[in-house]
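So the chains spell out like this:
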Amino acid sequence: MSPVLTKKAMEVRLKKILFFLLKLSISACLLYFALSRAGVEKVFSLLRGINPIMFLSGVLIYIVVLMIAALRWRILLIEPLPIGKVFSLYFIGAFFNTLLPGIVGGDVMKIYYLYKETGKGTQTFASIFMDRYIGFACLIAMGLIALPFGLTAFRGSWVVWLLPLMAICFVLVSIIVFGLRLGRRFKLLSDFYGYFHSYIRNKTLIAKAILISVVFQILIIIGIYILSEGLGQDIRVSTFFIAIPIIASLASLPISIAGIGVREASAVLLLGAVGVKPDVATAISFAWFLIMAVAGLVGLLEYMRYKVSAS
């Protein structure tokens, strides 16, 4: 290997490490903010008292959610894979997103393994991007639909304006990036735009993807509501239909480690707007992360199976 290539590889590696440390710092700061308001002892006291049956119900719901999400991804694949393979890759992605949220993310792992299967990089990236894009759009739309039903609880708070603002930003960015096709002079981006618009023109496919998205987003919110009941809290389900889209959207931004810190701080602020105590909001957020981690262990088993079969 030439010294130039070695130097470039080291620079790339260093940038990744620095970016990881930046995300770690953001997670730590936001987590400190949430815990300083909630109180560590109060949060862990609530977590210790969680109803185990409801916690296990949450784990099962999240496993079902991942399977439903995998079905959405499968219909977005240009060249569909066997359903078992799709489930396997999706759970591997969930494992890396939740339990190994370091330099390599879950989507990167899905791209890597899917590319090994198909040998088509742009199509692989396009399917994963559309999976995320449609999921995010449905999440925001569900929050907007639920907003009128939760106005009584959130009236007078800044939360009322946050969801519409997020929706407007999402639409504007979509128009600028995909409507104007910025960067279309580059072949890679030009090919990607082609795939994106071919998806949009396929109304039947988009309708199926949206329907699946609605189902699994509802299941996630129901799972979190059940979790709050398991923690002995009485919070209206409409509150979660408004708060969860915002919390999930913020937690999905690539600025933290697996959304840790962002999720808890957002929960404290958003649920606090309707009178939920900081320790309760933080405990709900932590409990949901634990559910994702436990369900993500299925992905670990699949990853180990892949490694054995490849060796």
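What counts, and at which threshold
- Residues numbered from 1 in each chain as written.
- Predicted model: local features only at pLDDT ≥ 70, side-chain atom pairs only at ≥ 80, totals over all residues.
- Heavy atoms only, no water.
- Helix = DSSP H or I, 4+ residues; strand = E, 2+ residues; numbered from the N terminus.
- Rg over C-alpha atoms; globule rule 2.2 N^0.38 Å.
- Contact = heavy atoms within 4.5 Å.
- Areas by Shrake-Rupley, 256 points an atom, 1.4 Å probe, with all protein chains shown as cover.
- Lys, Arg positive; Asp, Glu negative; His and termini not counted.
- Charge placed at Lys NZ, Arg CZ, Asp CG, Glu CD.
- Salt bridge = Lys/Arg side-chain N within 4 Å of Asp/Glu carboxyl O.
- Buried < 20%, exposed > 50% of the residue type's maximum accessible area, 1.4 Å probe, protein only.
- Core = buried A, V, L, I, M, F, W, Y, C linked by side-chain atoms within 4.5 Å.
- Patch = residues over 30% accessible without salt bridge, like charges linked within 9 Å, V, L, I, M, F, W, Y side chains within 5 Å.
- pLDDT = per-residue confidence, 0-100.
- Axes fitted to C-alpha atoms, helices over the stretch in contact; angles between N-to-C directions.
- Parallel < 35°, antiparallel > 145°, perpendicular 65-115°, else oblique.
- Left-handed = near helix turned anticlockwise from the far one by under 90°.
- Phe/Tyr/Trp six-rings, centres within 6.5 Å; stacked < 30°, edge-to-face > 60°.
- Lys NZ or Arg CZ within 6 Å of the ring centre and 35° of its normal.
- Expected span 1.5 Å × (residues − 1).
- Polar contact = N/O pair within 3.5 Å; in protein donor to acceptor, adjacent residues only side chain to side chain.
- Nonpolar A, V, L, I, M, F, W, Y, C, P; charged D, E, K, R; others polar.

Undergrad: What is the right way to look at the overall build of the protein in this model?
TA: When its secondary structure is counted, the protein shows 13 helices and 0 strands. Along the protein, helices and strands appear, N-terminal first, in the series α-α-α-α-α-α-α-α-α-α-α-α-α. A compact globule built from 311 residues would reach a C-alpha radius of gyration of about 19 Å, and the protein, at 20 Å, matches this within 12%. With the C-alpha coordinates of the protein rotated into their principal frame, the extents come out at 55 × 40 × 35 Å. Sequence separation of at least 24 residues holds for 72% of the intrachain contacts in the protein that already meet a minimum separation of 6. Of the accessible surface of the protein, which amounts to about 16,100 Å², a share of 72% is contributed by carbon and sulfur atoms. Across the protein, 29 positive and 12 negative side-chain charges occur, with their mean positions spaced 8 Å apart.

Undergrad: Got a minute to help me understand the pattern of salt bridges in this structure?
TA: One side chain can pair with another of opposite charge once the charged atoms of both are near each other. Counted under the stated rule, the structure contains 5 salt bridges. Arg72 is paired through a salt bridge with Asp131; the nearest N and O atoms lie 2.7 Å apart. Here Asp131 lies in helix α6 (residues 121–146) and Arg72 lies in helix α3 (residues 52–76), a separation of 59 residues in the sequence. Like Arg72, the residue Asp131 is buried in the burial classification. One network of salt bridges, with partners in common, ties together Asp107, Lys110 and Arg132.

Undergrad: Is there a simple way to explain helix α12 (residues 262–272) in this structure?
TA: Since the α-helix advances by 3.6 residues per turn, residues separated by three or four positions end up pointing in the same direction. With 9 of 11 residues buried, α12 lies mostly within the body of the structure. Listed in full, the buried residues belonging to α12 are Val262, Arg263, Glu264, Ala265, Ser266, Ala267, Val268, Leu270 and Leu271.

Undergrad: Just to check I follow, could you spell out the nonpolar core for this structure?
TA: Within soluble globular proteins, side chains that are nonpolar generally end up buried alongside one another. Membership of the largest hydrophobic core comes to 77 residues, with the highest contact counts inside it found for Tyr62, Trp73, Phe240 and Trp288. Top contributing element to this core by residue count: helix α13 (residues 278–310), with 13 residues. Residue contacts for Phe240: discarding those within four places in its chain leaves Ile221, Ile224, Tyr225, Ser228, Ile235, Pro245, Leu271 and Ile284. One finds Tyr133, Phe178, Phe192 and Tyr199 within the second-largest nonpolar core, a separate group that totals 15 residues.

Undergrad: Can you walk me through a nonpolar patch on the surface in this structure?
TA: Residues Leu14, Ile17, Leu18, Leu21 and Leu24 make up a contiguous nonpolar surface patch of about 430 Å² in total accessible area. For Leu18, the position within the fold is in helix α1 (residues 3–38).

Undergrad: Looking at this structure, I do not really get the confidence of the model for the protein. What am I missing?
TA: Fine structural detail should not be taken from predicted coordinates in areas where pLDDT scores are low. Mean pLDDT over the protein: 85, with 93% of residues reaching 70 or higher. Across the protein, the secondary-structure element scoring lowest on mean pLDDT is helix α7 (residues 151–154), at 73, and the one scoring highest is α3, at 93.

Undergrad: Sorry, what's going on with the packing of α6 against helix α10 (residues 203–230) here?
TA: In a packed pair of helices, the relevant descriptors are the angle between the two axes and the axis-to-axis distance. One can describe the packing of α6 onto α10 by two numbers: an axis separation of 9 Å at closest approach and a directional angle of 60 degrees. When the axis of α6 is compared with that of α10, the two are oblique. The way α6 lies across α10 gives a crossing that is right-handed. For the pair α6 and α10, contact is made by Met130, Ile134, Gly135, Cys138, Leu139 and Met142 and by Ile206, Ala209, Ile210, Ser213, Val214, Gln217, Ile218 and Ile221, respectively.

Undergrad: Looking at this model, I keep getting lost on the packing of aromatic side chains. Mind explaining?
TA: Remark: the centre distance and the inter-plane angle together describe each pair of aromatic rings, the angle taken between the planes. With the rule as written, the count across this model stands at 15 aromatic pairs. Look at Phe129 and Phe178: their rings are 5.6 Å apart centre to centre, the planes differ by 55 degrees, and that puts the pair in the tilted class. Placement of the pair is Phe129 in helix α6 and Phe178 in helix α8 (residues 159–179), with a sequence separation of 49 residues. On the basis of an interplanar angle of 55 degrees and a centroid distance of 5.1 Å, the ring pair of Phe136 and Phe170 is categorised as tilted. Of this pair, Phe136 sits in helix α6 while Phe170 is found in helix α8, placing the two residues 34 residues apart along the sequence. In textbook terms, an aromatic cluster arises when at least three aromatic residues are bridged by ring pairs, as seen for Phe125, Phe129, Tyr133, Phe136, Phe170, Phe178 and Phe196. Above the plane of the ring of Tyr90 lies Lys110, whose end atom (NZ or CZ) is 4.1 Å from the centre.

Undergrad: Explanation requested: α10 in the structure shown.
TA: With 28 residues, α10 extends 40 Å between its outermost C-alpha atoms, agreeing within 8% with the 40 Å of an ideal straight helix rising 1.5 Å per residue. Positive backbone phi, at 80 degrees, marks Gly232, one or two positions downstream of α10.

Undergrad: Whenever I open this one, the side chain of Ser249 confuses me. Can you help?
TA: Among the structural elements, Ser249 can be located in helix α11 (residues 237–251). Note on Ser249: relative accessible area 4%, which makes it buried. Here the side chain of Ser249 touches Pro245 through a polar contact of 2.6 Å, landing on its backbone oxygen. With near-sequence residues (within four places) excluded, Ser249 lies in contact with Phe136, Leu139, Ile140 and Met166.

Undergrad: Help me out: how do you make sense of the packing of α6 against α11 in this one?
TA: Two elements in contact, α6 and α11, have axes whose closest approach is 8 Å; the angle formed by their N-to-C orientations is 150 degrees. Compared by their axis directions, α6 and α11 come out roughly antiparallel. In the packing of α6 onto α11, the handedness of the crossing is left-handed. Judged by residue contacts, Phe136, Leu139, Ile140, Met142, Gly143 and Ala146 of α6 engage Phe241, Ile242, Pro245, Ala248 and Ser249 from α11. Looking at side-chain class alone, the contact of α6 with α11 contains 9 nonpolar, 2 polar and no charged residues.

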